[in-house]
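Residue strings, one per chain:
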Amino acid sequence: MMRRRSFLKSSLLGSGALLDTPTALSAPAAKASPQFPKGFLWGAATASYQVEGAWNADGKGESIWDRFAHTPGKIRDGSTGDVACDQYRRFHEDISIMKRLNLKSYRFSTSWPRVQPSGRGAVNAKGLDYYSRLVDALLEAGIRPFCTLYHWDLPQALEDLGGWPNRDLADYFADFAAVLARRLGDRLTVWAPFNMPWTFTRNGYGGTSLPPGRNDLGLALKAAHTVNLAQGNAFRAIKAASPKATVGSAYGTEPMYPKTNSEADRAAAARCHAFRNLYFLNTAMHGDYSKAAFPGEIPYEAMGFREGDGSTMKVPLDWIGIHYYLRLLVSAVPTAKAPAGASIDPLAGIRIELANEGPRTDGGLEVWPAAFYDLLMQFTRGYSSPVLEITETGCAYNDAPDAGGRIADQRRIAFYRDHLKQLARAMADGAKVRAYHAWTLLDNFEWQHGYANRMGLTYVDFATQRRTIKDSGCWYGRVAATNRVQE
Ligand code: FCB
C-alpha cells in the first residue's frame, strides 16, 4: 500500500521529465545470460479477434473487425478472423502449450460483442461463460490471467451509433467492464481497459488502415477523448465490482529520437512522445491533456471536452503496461507544409520516419533492441519508477516447418535474446518490471496483414489447426524455467 501511494504521488510530480527525449541512438551491449528476479512472470499475449474464431457462435454479435474483414479488399491476403486459431473451442489445448512453455501469465482480451452482442444491455450468458471457463482453466494450470477488456473489436451496433467519437460509449464501456469484473473479479485481478488506444483511435477514425476507417482527424480527436473518459469509467467500475482488482494499461509506446540534434527536431520528438506515448497515461494521472502534446493550444472544443471531464479521466493507474515494437525518428517540418486538416492534428509540424539501420523482420520492421532499454528507462525516470508490465514485444518471421516438421526459427530466438538482455539491463538500472509478455503465443490473424505475418512461438497450420511449438517456443520455455536468458 505504502509503495503504491508513493508511486502515485511521485508519478504526478515526475511526469514532466518524460518530455526529455533519449539522446543515445545506440547503447552498449548487455552482459551475457542475465538472471531475472524470483517470481518474474514470463508470459504471452493474444487478442480475441486474432485467435478466437467462432465469429458468430453461441449468440456473439458482429464486431467492426468482422465487418471490415468481410469487406473485399481490406485484408492483404483476403482472409478473415472467422476461424483464426479457433481458440474459442481449443483453449484447453492452448493452455497445455502454455504449460509446456512454463508460462506464468497469459494476457488475453475479451470480445465485447461476444459478451454484449449489441454493445449495451443484454448479456450473452454463453459468451460471458467462455471467459469464466478460460480463467478457471488458466488458474488451474498455475497461470495468471490478465484481461485486456478491449483489443479493437467494437460491437458493430455501437459503430452504427457513431462509434468512439460518440461519447455515450464511455458509459456503455463502463457497463461492459462491470459485467466482466462482476463475473471474473473474484478470480482475476489484473485488468487493462484498452490495447493501444492511440493506434485504434488515430488509424481507425483518422485513417483507413483499421476499421472503421473513417479517415477524419477531427473524429480521431473525439474518439480519443471518449476513450480517455471510458478508461476512467472502467477503472472505477472494475474497482467497484472487485476489491482485489488492479487496473493498468496496455499502451503502444515507441521511443522517439530526434532525427538531428537541432533544437527544432528535439522539440518535435518530445512533442511526438507526449502525443503518441502519453496521451492516455497523462490524462489518467493528471485529469487533463498535456500542452506538450500539441503544437498550439489544446483543441478542447474539437475533442468535445466538457466541464467535469477532467475528473472523469483522472484515475490512479496501479501499474503501467507498455508494448515495444519499433523506434521512430522525428523531425520538425514547417507547419505550412502540414497536410489538410492539420490544424486539428497535433502531428502537424512533425515528420516521423521508421528507423532502418538494423536488420528487418519478415514483417519489415527494424530490429533495434537497445531502444527497448531507452524506452524502459524513460518511463522509469518519468514516472518515478512505476511498476511496469511489458504487455507485448515480438517479431514476424515466416519460417515454415522443415522436412521433419521442425520450425527452426533462429532469428526469433536472437530477437528475444537481445531484447531480454536489454530488459535485464534496464531492471539492473532500476526499472521495476514484473512481467514480460511475448507477442505472441500462436501464429494468428495479424489484422490487415491477414495470416501473412507469423509472429507466434507456436506454428499453426491453419488448414488443420495443428499446433507445433517452434524452436523459439522451446527456447523461451527454457528462459521461463530457469529465469535466465539462454545463449
Ligand atoms: C500490436 C497489436 C497486436 C499485434 C501486434 C503485432 O500493435 O496490439 O494485436 O497485432 O501489434
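First, a word on scope: everything that follows refers to the structure included in this document. This structure is a prediction, so every number in the text was calculated from the model and none was measured.

## Describing the packing of aromatic side chains
And then number 1: Summed over all chains, the structure comprises 48 aromatic pairs.
And then number 2: Here the aromatic cluster, defined as three or more aromatic residues joined through ring pairs, consists of Tyr49, Trp65, Phe68, Trp152, Phe445, Trp447, Tyr451 and Phe462.
And then number 3: Between the NZ or CZ atom of Arg114 and the centre of the ring of Tyr88, over which it lies, the distance is 4.2 Å.
And then number 4: The lysine or arginine in question, Arg327, covers the ring of Trp368, its NZ or CZ lying 3.9 Å from the ring centre.

## What about unusual backbone geometry?
And then number 1: Across the junction of Pro211 and Pro212, the peptide omega takes the value 5 degrees, indicating a cis bond.
And then number 2: Structurally, the position occupied by Pro212 is in the loop between α9 (197-205) and α10 (217-241).
And then number 3: Note the cis peptide between Trp439 and Thr440, where omega equals 20 degrees.
And then number 4: Residue position: Thr440 is located in the loop between β12 (432-438) and β13 (458-461).
And then number 5: Unusually for a residue other than glycine, Asp58 sits at a positive phi of about 50 degrees.
And then number 6: Within the secondary structure, Asp58 is located in the loop between α2 (48-51) and α3 (64-69).
And then number 7: A relative accessible area of 36% means that Asp58 is categorised as partly exposed.
And then number 8: Positioned with a positive phi, Ser384 is a non-glycine residue whose angle comes to about 50 degrees.
And then number 9: Tracing the backbone through its elements, the reader meets Ser384 in the loop between α15 (370-382) and β11 (387-393).

## Digging into the layout of surface pockets
And then number 1: As a volume, the largest pocket reaches approximately 910 Å³.
And then number 2: What lines the largest pocket is a set of 41 residues, among which Met196, Tyr325, Leu326, Leu365 and Glu446 lie closest to the centre.
And then number 3: For the lining of the largest pocket, the elements supplying multiple residues, two or more each, are α9, β6 (251-253), α11 (263-277) and β8 (320-324).
And then number 4: For the lining of the largest pocket, the element with the most residues is α9, which contributes 3 residues.
And then number 5: Residues that form the lining of the largest pocket fall into these classes: 17 nonpolar, 17 polar and 7 charged.

## Some points on α9
And then number 1: Within α9, 8 of the 9 residues are buried, which leaves the element mostly enclosed by the surrounding structure.
And then number 2: When we look at burial in α9, the residues that qualify are Pro197, Trp198, Thr199, Phe200, Thr201, Arg202, Gly204 and Tyr205.

## Things to note about the sheet that holds strand β9 (residues 328-332)
And then number 1: Pairing within the open sheet is mixed, and its 3 strands lie in the order β7-β9-β10. Edge strands, defined here as strands with exactly one partner in the open sheet, are β7 (256-258) and β10 (350-354). Each adjacent strand pair in this sheet contributes to an overall mean axis angle of 35 degrees, direction not counted.
And then number 2: Across 5 bridges, β9 lies against β10 in antiparallel orientation. Pairing of Ser331 across the sheet is with Arg351, part of β10.
And then number 3: Across the face of the sheet, α11 comes into contact with β7, β9 and β10 while running at roughly 125 degrees to β9.

## A short note on the site of the ligand
And then number 1: In the vicinity of the ligand, the contacting residues are Gln50, His151, Asn195, Met196, His323, Tyr325, Glu392, Trp439, Glu446, Trp447 and Met455.
And then number 2: Side-chain polar atom of His151 to an oxygen atom of the ligand: 2.8 Å apart, as the coordinates give it.
And then number 3: One nitrogen or oxygen atom from the side chain of Asn195 is found 3.0 Å from an oxygen atom belonging to the ligand.
And then number 4: Coverage of the ligand by the protein amounts to 90% of the 290 Å² it exposes when considered alone.

## Comments concerning the side chain of Gln50
And then number 1: Within the secondary structure, Gln50 is located in helix α2.
And then number 2: Relative accessible area serves as the criterion here: at 0%, Gln50 is assigned to the buried category.
And then number 3: Of the polar contacts made by the side chain of Gln50, one reaches the backbone oxygen of Phe445; its length is 3.0 Å.
And then number 4: Excluding anything up to four places from it in sequence, Gln50 contacts Ala84, Cys85, His151, Trp439, Asn444, Phe445, Glu446 and Trp447.

## Quick word on empty space enclosed by the protein
And then number 1: Under the definition given, this model contains 7 cavities of 30 Å³ or more.
And then number 2: Roughly 70 Å³ of internal volume is contained in the second largest cavity.
And then number 3: Its residues placed into classes, the lining of the second largest cavity shows 2 nonpolar, 5 polar and 5 charged.

## Remarks on the nonpolar core
And then number 1: Grouped together as the largest cluster of nonpolar side chains are 153 residues, with contacts concentrated most on Trp164, Trp191, Leu423 and Tyr436.
And then number 2: In this structure, Phe146, Val190, Ala192 and Val387 belong to the second largest nonpolar core, which totals 6 residues.

## Section: the packing of helix α16 (residues 410-428) against helix α17 (residues 471-482)
And then number 1: Here α16 crosses α17 at 30 degrees, and the two axes come no closer than 8 Å. Here α16 lies roughly parallel to α17, going by the angle between them. Both α16 and α17 take part in a crossing whose hand is right-handed. On α17, the residues that touch Gln410, Arg412, Ile413, Tyr416, Arg417 and Leu420 of α16 are Asp471, Ser472, Trp475 and Val479.
And then number 2: For the contact of α16 with α17, the class distribution of residues is 5 nonpolar, 2 polar and 3 charged.

## Section: the pairing of strand β2 (residues 105-109)
And then number 1: Judged by how many residues are buried, β2 sits mostly within the fold: 5 of 5 residues are covered.
And then number 2: As defined by bridge partners, β2 adjoins strand β3 (residues 144-150) across 5 bridges and the pair is classed as parallel. Bridging across to β3, Tyr106 finds its partner in Pro145.

## Considering the sheet that holds β12
Sheets are built from strands that pair by backbone hydrogen bonding, the pairs being arranged parallel or antiparallel.
And then number 1: What the 9 strands build is an open sheet, ordered β5-β4-β3-β2-β1-β12-β11-β8-β6; its pairing is parallel. Edge positions in the sheet fall to β5 (246-247) and β6, since each of these pairs with one other strand and no more.

The rules behind these values
- Residues numbered from 1 in each chain as written.
- Predicted model: local features only at pLDDT ≥ 70, side-chain atom pairs only at ≥ 80, totals over all residues.
- Heavy atoms only, no water.
- Phe/Tyr/Trp six-rings, centres within 6.5 Å; stacked < 30°, edge-to-face > 60°.
- Lys NZ or Arg CZ within 6 Å of the ring centre and 35° of its normal.
- Helix = DSSP H or I, 4+ residues; strand = E, 2+ residues; numbered from the N terminus.
- Buried < 20%, exposed > 50% of the residue type's maximum accessible area, 1.4 Å probe, protein only.
- 1 Å grid on protein atoms, 1.4 Å probe; cavity = no way out; pocket = protein on both sides within 12 Å on 5 of 7 lines; lining within 4 Å.
- Points joined across faces, edges and corners; volume = space filled by probe spheres on them.
- Nonpolar A, V, L, I, M, F, W, Y, C, P; charged D, E, K, R; others polar.
- Pairing = 2+ DSSP bridges.
- Axes fitted to C-alpha atoms, helices over the stretch in contact; angles between N-to-C directions.
- Contact = heavy atoms within 4.5 Å.
- Near = heavy atom within 4 Å.
- Polar contact = N/O pair within 3.5 Å; in protein donor to acceptor, adjacent residues only side chain to side chain.
- Areas by Shrake-Rupley, 256 points an atom, 1.4 Å probe, with all protein chains shown as cover.
- Core = buried A, V, L, I, M, F, W, Y, C linked by side-chain atoms within 4.5 Å.
- Parallel < 35°, antiparallel > 145°, perpendicular 65-115°, else oblique.
- Left-handed = near helix turned anticlockwise from the far one by under 90°.

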